[in-house]
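These are the residues of each chain, in order.
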Amino acid sequence: MNLDFSEEQQMITDMARAMFEEHSDMDAVRKLEDDPKGYSDGLWKQMAESGLLGLTIPAEHGGGGQSLLEAALVYEELGRALASVPHFVSAIMSGGMLTEAGNDAQKGAWLPKIATGEAILTPAWLEPDRGYGPVGVQLAAKADGDGFVLNGTKQHVYFASSADRLIVLARTDAGIDLFLVDPKAGGVEMRQILSQSADAQYRVTFSNVKVSADDRISAAGSGWATFETAMYDGIVLLAAQAVGGANKALDITADYCKIRTQFDKPLGAFQALAHYLADASTRIDGGRVLVHEAAWSRANGRSIRRLAPMAKLFCCETYADATRMCEQLWGGVGFTLEYDVQLYFRRSKQLQLSWWDTPYLEELVAVDVLDS
Amino acid sequence: MDFDFTPEEQAFADKVDKWLVDNHDPVVMDPTRENFTQLADTPERRAFMKKLAAQRWLGMSWPKEYGGQEIEGVYEYILNEALAKHSAPQIGKGVGIIGKTLIRHGSDFLKKEFLPKILNAEVEFAVGYSEPQAGSDAANMQLKADKVEGGWNLNGQKIWTTSAHFADWYWVGARTDQDASKHTGLSLFLIPMKDKGLEVVSLPTIGKDTTNQVFFNDVFVPDEYMVGTPGMGFQYISEALDLERFTMFTLSPSTERARLLIEWAKEAKRDDRQIKDDPNVRRLIARIVTDQAVAKGLSVRFVCAARKGGKPPTIQSSQYKLFATALSQRVCKDALDIQGAAGQIREGQDEGPIRGRFEGAYRATVVETIGGGSSEIQKNIIARRHLGLPKNF
Ligand SMILES: Cc1cc2nc3c(=O)[nH]c(=O)nc-3n(C[C@H](O)[C@H](O)[C@H](O)COP(=O)(O)OP(=O)(O)OC[C@H]3O[C@@H](n4cnc5c(N)ncnc54)[C@H](O)[C@@H]3O)c2cc1C
Ligand SMILES: Cc1cc2nc3c(=O)[nH]c(=O)nc-3n(C[C@H](O)[C@H](O)[C@H](O)COP(=O)(O)OP(=O)(O)OC[C@H]3O[C@@H](n4cnc5c(N)ncnc54)[C@H](O)[C@@H]3O)c2cc1C
């Protein structure tokens, strides 16, 4: 047993932290709030040049071929900085699905471009008033000649306005299929939906959108399995992001508690407040080890059917709880837009609700523990 | 980074596991019963400890010159967790707390007298820090030690001395300098428990264990039985407490309880329906296994930090104890909530689910967030030493 990073892993952490500090300071984060594009070309270019965009894309497709563990280190830093980039939807989710199940042509066309940032892909998954599981996927894909016709609505499609392709989860006669859809195709319409964390997400409607059979990823009916595999990796990284965000919010709050005085004492000298912070720090540090264990397990070929949902469940809840507590400790100023802590507070809840929420994750864990 | 044991560590874990299966003793190892101390004074337990000693598994991390093997503390962690997994008694205070402190601070005389006996499981200790006015505020000990010819004369009282009713030696903190500050006037002594000046009065608890009050009436302790330098007692005790927090609060009893609960829940029925299909039960159990995984992470983190040598890693140990002991209590509470009315059936009766294991555990685990430094004290440590908050509490 050894929880130390290798030299190379430490370098990735340091590099990511320095990059995000420079290109995603709080002014940059604020500028991107509710922005229709939602990311800056400057940071995107930096990430491409440093190899972070393609970090987990296989080397034969122009990526770095690194494991989920290296990616988790980057995501913790991304979480600290609140860096807004389409990396998760493009490199992790879309790149993950294509790597897992794409054919040679699809891989060749998209993976190298994802790795360099030239192309952005994003999953179109959730639907209004529907849940996170496979039954939630109801957007219809009817066979039509040698292709399909899509009809339905998707919601929470991140960075859709910048996307070169959407990976649409659709219901066919065979079950759930994944289609690469050009968002400029006839019948696709998108409208930005403003969210709690002021990110760039869209409602996308599909009215008789034609796709060719070549644009289906893998065999008929295999779509959910492909999506789920990418999700299990993805939620480990979101858990890492939550750890980073929670830790940074805790750091700035502890620092504030050293300088703000009331009743002639620094706030941190009131034990009622210090104990909140001590509890939060324990949960954050515990969550971090769980993330590392999940990512390490995946990197070493072990199943993460239990560890991955546990990591997202615990870390996202910790992030939301810790930042709510931090809001309390900042008093009135924390409630204003001027102070940074609210940026973390809003994003934490959004992260908990997105990409499988608490009850869904609990059920995934329960299935693994009780029904197997 | 590596969450697996090294091949050598894994081989040791397998060996211990096999040995515990081969040496299964239904009297000292009963999975339906809380194991940590209640069998403490039985001949069976003493015999079991001797067997562990014969394996050379006591004091493995001690230096070779004192009979240890100078191997990493991780081996003691593996042993402790395996013992707990098999519901066997823990290695106890001698090797983990008293032995390690004597090695660091004891005279040659004390080392010679005690270290071999500890390694051979020939001596049982009781630890006397707490007094009515010195629980969390350990530095406030008032037990008075007056200097007399050739030694010290002790008068006063201790409370909460577990094992005082059967231990051979008493490891005691006392005030040797009335004028010094709270933290600098304390010293540590070793006293034979059968000293005629000691009076032990038992204090029954809501767990199954008895603890004790101990009264000191002119107890004479020769100079050679003071540990280390006079006035340094509090420093030694703090170090020893860092060790105790970890050695005495292994995660496995709690992991084992969670495992038993899950096994039971998979089979149990109410109104002809499977309990495990109740959404609320599924939710509670998902949370228990998740939090157990986090607690395991915190304990591994402590072990890995401790391996780097030097002083025990205080922050990691406090975080682990804070999280794991609260969880241990919560697992018992959740288990009783899941079991419903039958959960109240007293431990040991066949009518109770898992023979009332969770009823007993529910009472027993209350002390985990109090003993060895309460949760609040752990939070103070984390707030001050880890987060750098002002020293005002
Ligand atoms: C939206 C809004 C509207 C408001 N409207 C009004 C208004 O109309 N009129 C008006 O007069 N005021 C108003 N206030 C001010 C409000 O009453 C204060 O924000 C509040 O009393 C807290 O004071 P503070 O913000 O200075 O926080 P602080 O006093 O700095 O407190 C920060 C944190 O420290 C804690 N803390 C402080 N002292 C102690 C202690 N002794 N022990 C333990 N914990 C402690 C607090 O509970 C809090 O968690 C408003 C505030 C807001 C946010
Ligand atoms: C069954 C049992 C066995 C034990 N065995 C031993 C033993 O073998 N040897 C031994 O020496 N001791 C032993 N103890 C004593 C144990 O270490 C103490 O009970 C413990 O340290 C708490 O002290 P206290 O009981 O005096 O509680 P108190 O110190 O009076 O604490 C009461 C409450 O106040 C809180 N509190 C106290 N100070 C602070 C503070 N500064 N900030 C915030 N909250 C605070 C505590 O957290 C607790 O919640 C045992 C106790 C029990 C119950």
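Residues numbered from 1 in each chain as written. Chains lettered and ligands numbered in written order. Predicted model: local features only at pLDDT ≥ 70, side-chain atom pairs only at ≥ 80, totals over all residues. Heavy atoms only, no water.

*Asks:* Would you mind going over the site of ligand 2 in detail, with residue names and values included?
*Replies:* Taken together, the neighbourhood of ligand 2 is formed by 17 residues, with Val127(B), Ser136(B), Trp160(B), Ser374(B) and Glu376(B) sitting nearest. Residues close to ligand 2 are split across chains A and B. With respect to ligand 2, the backbone of Val127(B) contributes an N or O atom lying 2.7 Å from a nitrogen atom. The contact in question runs from an oxygen atom of ligand 2 to an N or O atom on the side chain of Ser374(B), over 2.6 Å. When ligand 2 sits alone it has 960 Å² of accessible area, and the protein chains cover 65% of it. Secondary-structure elements contributing two or more residues to the shell around ligand 2 are strand S1 (125–128) and helix H11 (375–386) of chain B. Examining the composition of the shell around ligand 2, we find that three residues originate from one element, H11(B), more than from any other. Looking at side-chain class alone, the shell around ligand 2 contains six nonpolar, ten polar and one charged residues. (Near = heavy atom within 4 Å. Polar contact = N/O pair within 3.5 Å; in protein donor to acceptor, adjacent residues only side chain to side chain. Areas by Shrake-Rupley, 256 points an atom, 1.4 Å probe, with all protein chains shown as cover. Helix = DSSP H or I, 4+ residues; strand = E, 2+ residues; numbered from the N terminus. Nonpolar A, V, L, I, M, F, W, Y, C, P; charged D, E, K, R; others polar.)

*Asks:* Before we move on, can you summarise the site of ligand 1 with the specific residues and values?
*Replies:* All names here are of chain A. Lining the immediate environment of ligand 1, one finds Arg-260, Gln-262, Phe-263, Leu-267, Phe-270, Leu-273, Gln-328, Leu-329, Gly-331, Gly-332 and Phe-335. One of the side-chain N or O atoms of Gln-262 is found 2.8 Å from an oxygen atom in ligand 1. For ligand 1, an oxygen atom lies 2.7 Å from a polar atom in the backbone of Gln-328. The fraction of the free accessible surface of ligand 1 (960 Å²) that becomes covered by protein chains is 43%.

*Asks:* Talk me through the interface of chain B and chain A; I want residue IDs and the actual numbers.
*Replies:* Taken together, the contacts link 47 residues of chain B with 46 residues of chain A. When the buried surface of chain B facing chain A is broken down by residue, Met1(B), Phe3(B) and Arg282(B) rank first, second and third, together holding 20% of it. Counting across the chain B and chain A interface gives ten salt bridges. The shortest N-O distance in the salt bridge between Arg287(B) and Glu362(A) comes to 2.5 Å. Applying the counting criterion to the chain B and chain A interface returns 21 residue pairs in polar contact (both at pLDDT 80 or more). Elements that contribute at least two residues to the side of chain B that touches chain A include exactly helix H3 (73–85), helix H7 (252–267), helix H8 (279–306), helix H9 (314–339) and H11 of chain B. In terms of residue count, H8(B) provides more of the side of chain B that touches chain A than any other element does, 17 residues in total. Taken together, the residues that form the side of chain B that touches chain A break down as 24 nonpolar, eight polar and 15 charged. (Contact = heavy atoms within 4.5 Å. Buried area = accessible area lost by both parts, 1.4 Å probe. Salt bridge = Lys/Arg side-chain N within 4 Å of Asp/Glu carboxyl O.)

*Asks:* I'd like to hear about the pairing of strand S4 (residues 169–175) of chain B, residue by residue, with values.
*Replies:* Residue and element names in this part refer to chain B. The element S4 is largely enclosed, with a buried count of seven among its seven residues. With burial as the criterion, each face of S4 is covered, one bearing Trp-169, Trp-171, Gly-173 and Arg-175 and the other bearing Tyr-170, Val-172 and Ala-174. In the sheet, S1 pairs with S4 via four bridges, with the strands oriented parallel. From the neighbouring strand, Phe-125 faces S4, where its bridge partner is Trp-169. Here S4 pairs with strand S5 (residues 186–192) via seven bridges, running antiparallel. (Buried < 20%, exposed > 50% of the residue type's maximum accessible area, 1.4 Å probe, protein only. Pairing = 2+ DSSP bridges.)

*Asks:* Which residues make up the packing of H9(B) against helix H10 (residues 357–364) of chain B, and what values go with them?
*Replies:* Residues and elements named next belong to chain B. It is the contact of H9 with H10, at a shortest axis distance of 9 Å, that shows an interaxial angle of 145°. Here H9 and H10 pass one another in a crossing that is left-handed. Seen from H9, the contacting residues are Val-331, Cys-332, Lys-333, Ala-335, Leu-336 and Gln-339; seen from H10, they are Phe-358, Glu-359, Ala-361 and Tyr-362. Grouping the constituent residues of the contact of H9 with H10 by class yields seven nonpolar, one polar and two charged. (Axes fitted to C-alpha atoms, helices over the stretch in contact; angles between N-to-C directions. Left-handed = near helix turned anticlockwise from the far one by under 90°.)

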